[in-house]
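Examining the three-dimensional arrangement
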Amino acid sequence: MTRKIIFLDVDGTLIDYDNHIPDSAVLAIRKAREKGHLVYVCTGRSKAEMSPEIWDIGFDGMIGGNGSYVEHEGQVILHQLIPRDVAKRLVDWLQERGLEFYLESNNGLFASRGFREAARPVLRTYVLGKGAKPEEVVNMEAEEALHGLVYGGELYRDDLNKVSFILKSYQDHLDSKVAFPELKAGTWGGKEEHALFGDLGVKDITKAHAIEVLLKHLDADRADTLAFGDAKVDIPMLDYCQVGVAMGNGGAEIKAMADLVTDSVSQDGLYKAFEKLELI
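Residues numbered from 1 in each chain as written. Predicted model: local features only at pLDDT ≥ 70, side-chain atom pairs only at ≥ 80, totals over all residues. Heavy atoms only, no water.

- Looking at an unreviewed UniProt entry, the protein chain carries the name Hydrolase (HAD superfamily), with the source organism given as Streptococcus sinensis.

1. Considering the nonpolar core
- Ranked by size, the top nonpolar core spans 30 residues in total, and within it Ile6, Leu8, Leu14, Phe59, Phe228 and Phe274 carry the most contacts.
- For this core, the elements supplying multiple residues, two or more each, are β1 (5-8), α1 (23-34), β2 (38-42), β12 (225-229) and α11 (269-276).
- Ranked by residues supplied to this core, first place goes to α1 with five residues.
- Formed by 23 residues, the second largest nonpolar core is a distinct cluster that contains Leu38, Tyr40, Ala208 and Cys241. (Core = buried A, V, L, I, M, F, W, Y, C linked by side-chain atoms within 4.5 Å. Buried < 20%, exposed > 50% of the residue type's maximum accessible area, 1.4 Å probe, protein only. Helix = DSSP H or I, 4+ residues; strand = E, 2+ residues; numbered from the N terminus.)

2. Topic: the pairing of β2
- Within β2, five of the five residues are buried, which leaves the element mostly enclosed by the surrounding structure.
- Judged by which residues are buried, β2 turns out to be covered on both faces: Leu38, Tyr40 and Cys42 on one side and Val39 and Val41 on the other are all buried.
- Sheet topology places β1 next to β2; four bridges connect them, and they run parallel. Bridge pairing in β2 places Ile5 opposite Leu38.
- Considered for its hand, the β-α-β crossover made up of β1, α1 and β2 is right-handed.
- With three bridges connecting them, β2 and strand β3 (residues 61-64) associate as parallel partners. Among the inter-strand pairings, Tyr40 is bridged to a residue of β3, identified as Gly61. (Pairing = 2+ DSSP bridges. Right-handed = clockwise from strand over helix to strand, strands pointing away.)

3. Section: unusual backbone geometry
- Phi is positive for Asn66, which is not a glycine, with a value near 55 degrees.
- Residue placement: Asn66 occurs in the loop between β3 and β4 (69-72).
- We note that Glu73 has phi near 45 degrees; this positive angle belongs to a residue other than glycine.
- Positionally, Glu73 belongs in the loop between β4 and β5 (75-79).

4. A closer look at the side chain of Asp230
- Summarising the element assignment, Asp230 is placed in the loop between β12 and α9 (235-240).
- Only 3.5 Å separates the side chain of Asp230 from the side chain of Thr13, close enough to count as a polar contact.
- Not counting residues within four places of it along the chain, the set of residues in contact with Asp230 comprises Asp9, Asp11, Gly12, Thr13, Tyr17, Met247, Asn249, Gly250, Gly251 and Ile254. (Polar contact = N/O pair within 3.5 Å; in protein donor to acceptor, adjacent residues only side chain to side chain. Contact = heavy atoms within 4.5 Å.)

5. Digging into the domain arrangement of the protein chain
- According to the domain assignment, the protein chain consists of domain 1 (5-79 + 205-277) and domain 2 (84-201).
- Its C-alpha centre places domain 1 at a distance of 24 Å from the equivalent point of domain 2.
- On the domain 2 side, the residues contacting the 18 residues of domain 1 number 19 residues.
- Taken together, the two surfaces of domain 1 and domain 2 that pack against each other cover about 1400 Å², and 45% of this comes from carbon and sulfur.
- The largest contributions to the domain 1 side of the interface with domain 2 come from Tyr17, Ala48 and Glu49, which together make up 39% of the buried area.
- Remark: the boundary between domain 1 and domain 2 carries zero salt bridges.
- There are five residue pairs in polar contact (both at pLDDT 80 or more) connecting domain 1 and domain 2.
- Taken together, the residues of the side of domain 1 that touches domain 2 sort by class into six nonpolar, eight polar and four charged. (Domains from an automatic or database assignment. Buried area = accessible area lost by both parts, 1.4 Å probe. Salt bridge = Lys/Arg side-chain N within 4 Å of Asp/Glu carboxyl O. Nonpolar A, V, L, I, M, F, W, Y, C, P; charged D, E, K, R; others polar.)

6. Digging into α11
- Of the residues making up α11, those classed as buried are Gly269, Leu270, Tyr271, Ala273 and Phe274.
- Close packing links the buried residues of α11 with β1, α1, β12, β13 (243-246) and β14 (260-261).

7. A closer look at the sheet that holds β3
- Pairing within the open sheet is mixed, and its eight strands lie in the order β5-β4-β3-β2-β1-β12-β13-β14. Every interior strand has two partners, whereas the edge strands, β5 and β14, have only one.

8. A few points about the side chain of Asp224
- Structurally, Asp224 is set in the loop between α8 (207-218) and β12.
- Discounting residues that sit within four places of it in the chain, Asp224 has contacts with Thr2, Arg3, Lys4 and Ile5.

9. Focus: the packing of aromatic side chains
- A full pass over the atoms with the stated rule returns eight aromatic pairs.
- Seen in terms of ring centroids, Phe7 and Tyr40 are 5.6 Å apart; in terms of plane orientation they differ by 20 degrees. Their pairing is stacked. You can see Phe7 sitting in strand β1 and its partner Tyr40 sitting in strand β2, a full 33 residues away along the chain. Tyr40 matches Phe7 in its accessibility class, with the two residues each being buried. (Phe/Tyr/Trp six-rings, centres within 6.5 Å; stacked < 30°, edge-to-face > 60°.)

10. A short note on the environment of Val163
- As for its position among the elements, Val163 is in strand β9 (residues 160-166).
- Residue Val163 is classed as buried on the basis of its relative accessible area of 1%.

Set out below in structure tokens:
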């Protein structure tokens, strides 16, 4: 049996939107690794956002920051950061515009002074949009939705993977593109004008590029790769890997291009797909 290399997105793929990991997903990953397959998380999260609960499942490594960070068995293979001078300019720009933000680093998510207050309704809207029930989010604080938040930390930093900021309007995102042409500008938490957050990160990185870097390091073949995801940002990864699997809770675009659409994360979609693809 050929050893396969499996890449799993986290939010909406491994974890449901209540931050719950189905037992069946844990079992699938452990069984696949017992059979000799390699399993990596491949996520937009930075390392600080990876809760102990995720690490305890057991992985061979991670791709973080949507491809800016690659780790295999504890060894850092790639880490592209926002230069300190750009990061400083970015913090100043956000503060001048009155936009609340958090800086994503492997050492923590460093939040602006007013972030907790401003993020409360925004993150509740985000989690509701992902299928949470109103009663589950009524008292939810920002740190329940974003693992690793730090308040009062140093904001001029040289260890940043990316920066997320609460949009007052879509124009904030458009202006961020113009103000920081050397960075990659995106949005999340909703489609285009409905986005809740803007983000800025290292240019020319994708999950697919990170997988390519890792395969080179492992001296492994792209023909042996499988990727699982649920969102638009996962499309390059599914496209790059030999087999691309979309979760049942995923968006229409990723389902349309996937080789296989499995059930949703909360309906044991991961386990069912691992079974169907004979990984376990």
